[in-house]
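# Secondary and tertiary structure notes
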Amino acid sequence: MKASQFGAMILALFCLVPFTANAADIEAGKSKTAECAPCHGADGNSSNAAWPSLAAQHANYTYKQLKDFKEGRRNNASMTGMVALLNDDDMKNLAAYYASQQPKNASFDPDLIAAGESIYRGGIAETSVAACMSCHSPSGKGNGPAGWPSLKGQHPEYVVTQLQNFKQGIRANDSGKMMRNAVIRMSDAEMKSVAAYIAGIE
């Protein structure tokens, strides 16, 4: 193996190591949550279905979202203001704190579960919509090293809003347009069904 190939392989392996391995400070993150708590809950479990729960979310995913808000790749007036005074360590520490918390169950419409499970696990063949679990895992816990978020127990209302935002191009911080391409052919009813299943996934 050439030295250049070996070096590239080592670099790739390091890129797969979540930043939390590099001593992100959970307690320091907790100390920064006072302004986050009104929307996301003190422990990362949001009580308002319009706002996401962050408890048990992969730290590198939360960190990326905070960076994207701060650097303008993801737009939300409230979040842009909230992250303005956070430095890089603050964002890493907050992400590590929320990743360490235990998620609570979200409310969902049980009548939508069967249709949602079909989409999540098998996609929609007629319109070439891919199965959600191929990235977000059968358990809904995502893939941290790949940067794919955990969805398990997330509020359905929030999930639907994000799917619609991806479809409409309002949200465009997905790598390689993965989410925008995945949802472009989904109807609102299909989004609501899969969001209900995600909230109640076992």
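Located above this text is the structure these notes cover.
Everything quoted here is computed from the prediction, not taken from an experiment. (Residues numbered from 1 in each chain as written. Predicted model: local features only at pLDDT ≥ 70, side-chain atom pairs only at ≥ 80, totals over all residues. Heavy atoms only, no water.)

## Examining the overall build of the protein
The helix and strand inventory of the protein stands at 11 helices and 0 strands. The order of helices and strands in the protein, counted from the N terminus, is α-α-α-α-α-α-α-α-α-α-α. The long-range fraction of contacts in the protein, counting pairs at least 24 apart against all pairs at least 6 apart in sequence, stands at 66%. When the accessible area of the protein is evaluated, it comes to approximately 11,100 Å², of which 57% is carbon and sulfur surface. (Helix = DSSP H or I, 4+ residues; strand = E, 2+ residues; numbered from the N terminus. Contact = heavy atoms within 4.5 Å. Areas by Shrake-Rupley, 256 points an atom, 1.4 Å probe, with all protein chains shown as cover.)

## Thoughts on the nonpolar core
If you look at the biggest cluster of nonpolar residues, it comprises 20 residues, and the most contacted ones within it are Y120, L163, V183, M186, V194 and I198. Broken down by secondary-structure element, the contributors of at least two residues to this core are α7 (113-122), α9 (156-168) and α11 (188-200). Top contributing element to this core by residue count: α11, with 6 residues. Ignoring sequence-local partners within four residues, the contact set of Y120 consists of A131, C132, M133, H136, S137, P138, G140, V194, Y197, I198 and I201. (Core = buried A, V, L, I, M, F, W, Y, C linked by side-chain atoms within 4.5 Å. Buried < 20%, exposed > 50% of the residue type's maximum accessible area, 1.4 Å probe, protein only.)

## Topic: unusual backbone geometry
At S128, a position not held by glycine, the phi torsion is positive, near 55°. With respect to the secondary-structure elements, S128 resides in the loop between α7 and α8 (133-136). Positive phi, normally seen in glycine, also occurs at K177, with a value near 60°. Turning to its location among the elements, K177 is positioned in the loop between α9 and α10 (178-183).

## What to know about α7
Note: α-helices contain 3.6 residues per turn, so residues at a spacing of three or four share the same orientation. Taken residue by residue, α7 has I113, G116, I119 and Y120 as its buried positions. Taken around the axis of α7, the buried residues stretch over an arc of 130°, which confines them to a single face. Facing away from the buried surface of α7 by more than 90 degrees, the exposed residues are A114 and G122. Buried-residue contacts for α7 involve α8 and α11. At the C-terminal side of α7, G123 shows a positive phi close to 70°. (Arc of directions from axis to C-beta.)

Just geometry here; none of it tells us what the structure is for.
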